[in-house]
Amino acid sequence: MHEYSITQQIVKIAEEKAKSHGAVKIERISLVVGELSGFIGESIQMYFDILSKGTLAEGAILDITYIKPQLKCSKCNTYFYRKRFSFECPQCGGMGMPTEIGKEFYVKDIDIYVG
Ligand SMILES: [Zn+2]
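Rules of the game
Position labels on residues start from 1 in each chain and follow its written sequence. At least 70 in pLDDT is required for a residue's local features to be given in this predicted model, at least 80 for side-chain atom pairs to be given and counted, and no such filter applies to totals for whole chains, interfaces and linings, which use all residues. The basis for every side-chain value is the complete set of non-hydrogen atoms in the structure, without hydrogens or water. Among buried residues, the Ala, Val, Leu, Ile, Met, Phe, Trp, Tyr and Cys ones that are joined through side-chain atoms within 4.5 Å form a nonpolar core. Buried, partly exposed and exposed residues are distinguished by accessible area as a fraction of the type maximum, computed with a 1.4 Å probe on protein chains only: under 20%, between the cut-offs, and over 50%, respectively. Under the DSSP-based scheme used, a helix requires at least four consecutive residues in state H or I and a strand at least two consecutive residues in state E, with every element numbered from the N terminus. Every residue pair with non-hydrogen atoms within 4.5 Å of one another is taken to be in contact. UniProt positions are given in the numbering used here, feature names are shortened, and annotations may be inferred rather than shown by experiment.

J.: Before we go on, may I ask you to explain the nonpolar core in this structure?
T.: Counting 21 residues, the largest nonpolar core has I26, I29, L31, I44, F48 and L62 as its most contacted members. Within the residue set of this core, elements represented by two or more residues are α1 (3-20), β1 (25-34), α2 (41-51) and β2 (61-67). Per-element accounting of this core gives the leading share, 5 residues, to α1. In this structure, L62 is in contact with I29, L31, I44, Q45 and F48, ignoring residues within four places of it in sequence.

J.: Help me understand the UniProt feature "binding site: Ni(2+)" (unreviewed entry) in the protein, please; the structure alone is not making it clear to me.
T.: The UniProt entry lists H2 under the feature "binding site: Ni(2+)" (unreviewed entry), expressed in the numbering used here. In this fold, H2 is placed in the segment before α1. Residue class for H2 comes out partly exposed when judged on its relative accessible area of 41%.

This is the structure we're talking about:
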């Protein structure tokens with residue numbers, strides 16, 4: 001349910017940015033969502049449809065890019081995608097450690113229509 005408040009913030013940030021540029025409409029909001037961020041894109045989309053009503057963001061496209069988590073090998077520093085039930089590095093067989101990749105959550109871009 002925490003998607004509700006984050007979506008409120010996204011709409012607020014987008015509107016503030018649009019207004020500061022004198023826009024009449026927001027056409028697209030590009031979001032980056034890591035699969036380990038704890039946020040679910042479909043929920044954000046659902047809340048966005050409700051929360052954007054009556055704002056400059058109403059009818060805007062929510063463009064979500066999902067980031068797959070990656071591990072980093074503790075031996076050879078290779079970044080790689082984890083296989084199911086395995087943390088093994090595909091290069092050297094070393095142990096993969098968690099990284100920040102896949103935990104991202106941010107607004108990448110806002111496309112506005114100035115009219
Ligand atoms: Zn390795």
